[in-house]
Amino acid sequence: YGGMGLDFSYSIAVAEELGNICCGGIPMAIGVQAGMATPALTRFGSHELKKQFLVPTIAGDSVACLGISEAGAGSDVANIKTTAVRKGDEYVINGGKMWITSGTQADWMCLLANTSEGPPHQNKSLICLPMNLPGVHVARKIDKLGMRSSDTAQIFFEDVRVPCKNLIGEEGKGFTYQMLQFQEERLWGVATALTRLETIIQETIDYTRQREVFGQPVLHNQTVHFRLAELATEVELLRSLLHRAVALYVEGNDVTKFASMAKLKAGRLTREVTDSCLQFWGGMGFTSEVLVSRFYRDFRLMSIGGGTDETMLSIICKYMEILPRK
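Computed from a predicted structure; not experimentally measured.

Calculation notes
- Residues numbered from 1 in each chain as written.
- Predicted model: local features only at pLDDT ≥ 70, side-chain atom pairs only at ≥ 80, totals over all residues.
- Heavy atoms only, no water.
- UniProt positions renumbered as here; feature names shortened; annotations may be inferred.
- Helix = DSSP H or I, 4+ residues; strand = E, 2+ residues; numbered from the N terminus.
- Domains from an automatic or database assignment.
- Buried area = accessible area lost by both parts, 1.4 Å probe.
- Salt bridge = Lys/Arg side-chain N within 4 Å of Asp/Glu carboxyl O.
- Polar contact = N/O pair within 3.5 Å; in protein donor to acceptor, adjacent residues only side chain to side chain.
- Nonpolar A, V, L, I, M, F, W, Y, C, P; charged D, E, K, R; others polar.
- Buried < 20%, exposed > 50% of the residue type's maximum accessible area, 1.4 Å probe, protein only.
- Arc of directions from axis to C-beta.
- Contact = heavy atoms within 4.5 Å.
- Pairing = 2+ DSSP bridges.

1. Brief notes about the UniProt feature "domain: Acyl-CoA dehydrogenase/oxidase C-terminal" (unreviewed entry) in the protein
Phase 1 of the analysis: In the numbering used here, UniProt assigns the feature "domain: Acyl-CoA dehydrogenase/oxidase C-terminal" (unreviewed entry) to residues 172–318.
Phase 2 of the analysis: For residues 172–318, the end-to-end C-alpha separation is 23 Å, with 74% helix and 3% strand making up the annotated structure.

Written as structure tokens, this is what we have:
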């Protein structure tokens, strides 16, 4: 279908390199296209669906978005309310989606919707939804704290009719397909963070080496150079966890626990690194003129998007068999 047929480790290599872009919104948009909106279609979609949606997306002729989160259901995927009711050979879709990356420009959406009244983990399906259909309303581009170059949309569906053949895989398997996809999404997010964290630390070293306070470079203060050494060590530990998880995943293992651990650590470490480094920039760090302040804003999403820190902790506890049963 136009791809190179490489394994997932190559996606991670690309993600790490994209970290050289000094703007979080661009790697995120590419990640949605390559590793979030398309994996389920690639794995489970029909040949006809792949020809219609996957081929132009791989070629870069179409922009894809992922329609999972809703205003009342972010990390709680099982609680989504959007419905796709089968009528004849069509689904009639009603509801809405929130926080949709690339939503104002997307040509199609990989939509998760309730297709039956069954249990919440067995009543959802993934559907390829063209965004130019009647009843699709892109309500607004959301004004965000960070990732400001990324168009994040709120979208409503009003009696949108989609052919039943646009169903990805089996009806009722959407939640399962989405959970599989989340592991790749989370590992991608961790990978894009690594290079940017290194960049922030190095820029802070360069700045504190030339900035003098009380007659000496800021870097010469032990509290500063020791802290930067600690942060660099933490980044390397995160890289090792990521690469271990990816190696196991490529071998066919379930890496849900390790991917969740890496995502949790990345969310916390990006906040720790950007906050610590911004402090060493002093007043300059509080301006919009320096990279550290941009990353301080952009990286805050890491602990929210793709599953919150708290969701990651719950998943880890589940795999450790210490999560209380309901």
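2. Re the domain arrangement of the protein
Phase 1 of the analysis: For the protein, the assigned domains are domain 1 (37–170) and domain 2 (176–320).
Phase 2 of the analysis: Using C-alpha coordinates to define each centre, domain 1 is positioned 30 Å away from domain 2.
Phase 3 of the analysis: Of all residues in domain 1, the largest losses of buried area upon contact with domain 2 belong to Arg43, Ser75 and Met147, amounting jointly to 35% of the total for that side.
Phase 4 of the analysis: The partner of arginine 43 in a salt bridge is glutamate 184, with the nearest N and O atoms 2.6 Å apart.
Phase 5 of the analysis: Remark: the boundary between domain 1 and domain 2 carries six residue pairs in polar contact (both at pLDDT 80 or more).
Phase 6 of the analysis: Of the residues forming the side of domain 1 that touches domain 2, the biggest block, four residues, is contributed by helix H3 (residues 39–44).
Phase 7 of the analysis: Grouping the amino acids of the side of domain 1 that touches domain 2 by side-chain chemistry returns 10 nonpolar, three polar and three charged.

3. Overview of helix H9 (residues 309–319)
Phase 1 of the analysis: Along H9, the positions that sit buried rather than exposed are Asp309, Met312, Ile315 and Ile316. Buried residues of H9, viewed axially, fall in a sector of 120°; they line one side. Exposed residues lying more than 90 degrees from the buried face of H9 are Glu310 and Lys318.
Phase 2 of the analysis: Where H9 is buried, its residues contact helix H5 (174–210) and helix H7 (256–280).
Phase 3 of the analysis: Of the residues flanking the end of H9, it is glutamate 321, one or two places downstream, whose phi is positive at about 60°.

4. With respect to the pairing of strand S7 (residues 152–163)
Phase 1 of the analysis: Bridge count between strand S3 (residues 90–101) and S7: nine bridges; the pairing is antiparallel. Note on S7: the bridge partner recorded for glutamate 90 is proline 163.

5. Things to note about the side chain of threonine 101
Phase 1 of the analysis: Note that threonine 101 resides in strand S3.
Phase 2 of the analysis: Assessed through its relative accessible area of 14%, threonine 101 is described here as buried.

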